[in-house]
Amino acid sequence: MSLKSLNLTPELYDYLQKVSLREPEILAQLRAETAANPRGGMQIAPEQGQFMAFLVRLMGAKKTLEIGVFTGYSSLVVALALPPEGRIVACDVDAEVTNIARRYWQKAGVSDRIDLRLAPALNTLDQLIANGEEHTFDFTFIDADKRNYINYYEKALTLVRPGGMIAIDNVLWSGKVADPQVNDPRTESLRAFNQSLQKDERIELSLVPIGDGLTLAWKR
């Protein structure tokens, strides 16, 4: 995984941040704390977070879904971009690491916008569908176990409204998806996932080379 956009020199990446990044202090603090975590490489890049917030505001999103929370940077980015009545259903299984997320949500004053569901995400998604919430979400962000991406995507596509968007992280996988010598299960899963979306007529598609690769799927 990568903490910055692929194929940028360090000098150009620094320039990109200097002229475009508007990261609130609370997000910078969370990013710094996450960097000290042994799994800190799972954190999305700040320019990716800003891009996601831009999309959420552009769409006028109010009801969103997150699959994979970690320390809560992406959910905090989205929560700060939502109107006061906005809501995030956030799915994760790790109570310990999401305690960091909860602390920052509270500190930022947006904890009332985030409904954290500590359970396997597929179970939570099935529950949302069973509760009649299909076609009601405006935006979904998927950043969890790669071998389940296709399953998360299919359920998210049911939950997102027509005209809604699904954003999927790590689709370029530090370039490994394009390396035929790399054949581990996660890489193979991502290759198959990317290929399946390229052919999916239910969506409009754009793969943006930001962070570790971000696919945007707009539901027709």
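One can find the structure itself at the top, above this paragraph.
Reading the values: the criteria
- Residues numbered from 1 in each chain as written.
- Predicted model: local features only at pLDDT ≥ 70, side-chain atom pairs only at ≥ 80, totals over all residues.
- Heavy atoms only, no water.
- Salt bridge = Lys/Arg side-chain N within 4 Å of Asp/Glu carboxyl O.
- Helix = DSSP H or I, 4+ residues; strand = E, 2+ residues; numbered from the N terminus.
- Buried < 20%, exposed > 50% of the residue type's maximum accessible area, 1.4 Å probe, protein only.
- Polar contact = N/O pair within 3.5 Å; in protein donor to acceptor, adjacent residues only side chain to side chain.
- Contact = heavy atoms within 4.5 Å.
- Pairing = 2+ DSSP bridges.
- Axes fitted to C-alpha atoms, helices over the stretch in contact; angles between N-to-C directions.
- Right-handed = clockwise from strand over helix to strand, strands pointing away.
- 1 Å grid on protein atoms, 1.4 Å probe; cavity = no way out; pocket = protein on both sides within 12 Å on 5 of 7 lines; lining within 4 Å.
- Points joined across faces, edges and corners; volume = space filled by probe spheres on them.
- Nonpolar A, V, L, I, M, F, W, Y, C, P; charged D, E, K, R; others polar.
- Phe/Tyr/Trp six-rings, centres within 6.5 Å; stacked < 30°, edge-to-face > 60°.
- Lys NZ or Arg CZ within 6 Å of the ring centre and 35° of its normal.

Undergrad: Describe the pattern of salt bridges, listing the residues and the values that go with them.
TA: Applying the stated criterion across every chain yields a total of 16 salt bridges. Here E133 and R87 are joined by a salt bridge, their closest N and O atoms 3.5 Å apart. With E133 in the loop between α6 (121-130) and β4 (137-142) and R87 in strand β2 (residues 87-92), the pair connects residues that are 46 residues apart, well separated along the chain. E133 gets classed as buried once you look at its relative accessible area, which sits at 14%. Among the residues examined, R87 registers a relative accessible area of 28% and is labelled partly exposed. In this structure, K146 engages D143 in a salt bridge whose closest nitrogen and oxygen atoms are separated by 3.2 Å.

Undergrad: Could you give an account of the side chain of R113, naming the residues involved and the relevant values?
TA: Along the polypeptide, R113 turns up in the loop between α5 (95-108) and β3 (114-118). Of the polar contacts made by the side chain of R113, one reaches the backbone oxygen of A79; its length is 2.6 Å. Beyond its immediate sequence surroundings of up to four residues, R113 is in contact with A79, L80, L82, P83, P84, G86, R87 and I88.

Undergrad: Give a description of the sheet that holds β4 that names residues and reports values.
TA: One open sheet holds the seven strands; their spatial order is β3-β2-β1-β4-β5-β7-β6, and the pairing between them is mixed. In this open sheet, the two strands that pair with only one neighbour each are β3 and β6 (203-208). When strand polarity is set aside, the average angle formed by the axes of neighbouring strands in this sheet is 15°. Where helix α7 (residues 149-159) meets the sheet, its contacts fall on β1 (63-67), β4, β5 (160-169), β6 and β7 (214-219), and the angle it forms with β5 comes to roughly 155°.

Undergrad: Mind laying out the pairing of β3, listing which residues take part and the relevant values?
TA: Relative to β3, β2 is paired through five bridges, and the arrangement is parallel. Of the residues in β3, the one forming a bridge with A90 is L116. Viewed along the sheet, the connection from β2 through α5 into β3 turns out right-handed.

Undergrad: Provide a residue-level description of empty space enclosed by the protein, including the pertinent values.
TA: As enumerated under the stated definition, the model contains two cavities of 30 Å³ or more in all. The computed volume of the largest cavity comes to approximately 60 Å³. Along its surface, the largest cavity is lined by M42, Q43, I44, G68, V69, F70, G72, Y73, S74 and D143. For the lining of the largest cavity, the class distribution of residues is five nonpolar, four polar and one charged.

Undergrad: An account of the packing of aromatic side chains is requested, with residue identities and associated values reported.
TA: What the rule picks out here adds up to two aromatic pairs. With a centroid separation of 5.5 Å and an interplanar angle of 70°, the aromatic rings of Y149 and F193 are classed as edge-to-face. Of the two residues, Y149 is situated in helix α7 and F193 in helix α8 (residues 185-198); the sequence distance between them amounts to 44 residues. In terms of burial, Y149 and F193 fall into one category: buried. Put simply, the rings of Y149, Y153 and F193 pair up and form one aromatic cluster. Taking NZ or CZ as reference, K63 lies 4.5 Å from the ring centre of F137, over its face.

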